[in-house]
Each structure stands twice: as C-alpha cells, then as structure tokens.
Amino acid sequence: MNRIKQLRDEQKMSQSELGKKLNKTQQQISLYENGTNELDLDGYIILSKLFGCSIEYIARKIRKKKP
C-alpha cells in the first residue's frame, strides 16, 4: 500500500480532504497514491507536518514512522 494512502486512511481522511490541504484535486491525490505521479517537495513537507512523520517515511525510503 502506498504510504500517502496509508497515512490518509489512518487519519480517516478522504482524498478530497487531503487535496484541500495540499491545494490539489482529488484526482491528483489518487494519482499520487497509485504511483502514477510523484508529489513535489513542498507537498512532501506539508504531508510530513500533517502526519507527524519524516519525508523519507512517506517516500518509503525508511520503514520506521518516527526515527
């Protein structure tokens, strides 16, 4: 499972809700979660703050949520 989807599901947040926080559409969030498109650095920074974890965790570079 994609980490963005995993983290969004843990927060019980819809794709539309997450999209509003990132200034993206629901369709764009879907593309990020499916791995079709890659989120930009600013998006990763916002997600990191929103979900309380590292950018590396979101990008699946490390396994632990909090180092």
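Refer to the structure printed above.
Here we come to the overall build of the protein. The helix and strand tally for the protein stands at five helices and zero strands. Start at the N end of the protein and walk to the C end: the helices and strands fall as α-α-α-α-α. Whereas a compact globule of 67 residues would reach a radius of gyration of roughly 11 Å, the protein reaches 11 Å, a difference of no more than 12%. Overall, the C-alpha framework of the protein stretches about 30 × 20 × 20 Å when taken along its three principal axes. Taken over 67 residues, the protein has a buried fraction of 33%. Counting only carbon and sulfur atoms, one obtains 47% of the accessible surface of the protein, whose full area is about 4500 Å². Each charge class in the protein was averaged separately, 14 positive and 8 negative side chains, and the resulting centres sit 5 Å apart.

Right, let's get into helix 1 (residues 3–10). Arg3, Ile4, Leu7 and Arg8 are the residues of helix 1 that are buried. Buried positions in helix 1, seen along its axis, are confined to an arc of 130 degrees and lie on one side of it. Buried positions along helix 1 lie against helix 2 (15–22), helix 3 (26–34), helix 4 (41–51) and helix 5 (55–58). A positive phi of about 55 degrees marks Lys12, the residue just after helix 1.

Turning to the nonpolar core, a few remarks are in order. Counting residues in hydrophobic clusters, the biggest one holds 14 residues, and the most contacted among them are Ile4, Leu18, Leu47, Phe51 and Ile58. If you list the elements that add at least two residues to this core, you get helix 1, helix 2, helix 3, helix 4 and helix 5. Sorting elements by how many residues they give to this core places helix 4 first, with three residues. When neighbours within four sequence positions are excluded, Ile58 is seen to be in contact with Arg3, Ile4, Leu7, Tyr44, Leu47, Ser48 and Cys53.

A separate point is the environment of Gln15. Take Gln15: it is sitting in helix 2. Expressed as a C-alpha distance, the spacing of Gln15 and Gly43, which sit 28 residues apart in the sequence, is 14 Å. Excluding its chain neighbours within four sequence positions, the residues that come into contact with Gln15 are Arg8, Gln26, Ile29, Ser30 and Glu33.

Moving on, we get to the pattern of salt bridges. Applying the stated criterion across every chain yields a total of four salt bridges. For the salt bridge of Glu33 with Arg8, the shortest nitrogen-to-oxygen distance reads 2.6 Å. You can see Glu33 sitting in helix 3 and its partner Arg8 sitting in helix 1, a full 25 residues away along the chain. Arg8 shares its class with Glu33; the two are buried. Salt bridges linked by common partners bring Lys5, Arg8, Asp9 and Glu33 together as one network.

Definitions and limits used
- Residues numbered from 1 in each chain as written.
- Predicted model: local features only at pLDDT ≥ 70, side-chain atom pairs only at ≥ 80, totals over all residues.
- Heavy atoms only, no water.
- Helix = DSSP H or I, 4+ residues; strand = E, 2+ residues; numbered from the N terminus.
- Rg over C-alpha atoms; globule rule 2.2 N^0.38 Å.
- Buried < 20%, exposed > 50% of the residue type's maximum accessible area, 1.4 Å probe, protein only.
- Areas by Shrake-Rupley, 256 points an atom, 1.4 Å probe, with all protein chains shown as cover.
- Lys, Arg positive; Asp, Glu negative; His and termini not counted.
- Charge placed at Lys NZ, Arg CZ, Asp CG, Glu CD.
- Arc of directions from axis to C-beta.
- Contact = heavy atoms within 4.5 Å.
- Core = buried A, V, L, I, M, F, W, Y, C linked by side-chain atoms within 4.5 Å.
- Salt bridge = Lys/Arg side-chain N within 4 Å of Asp/Glu carboxyl O.

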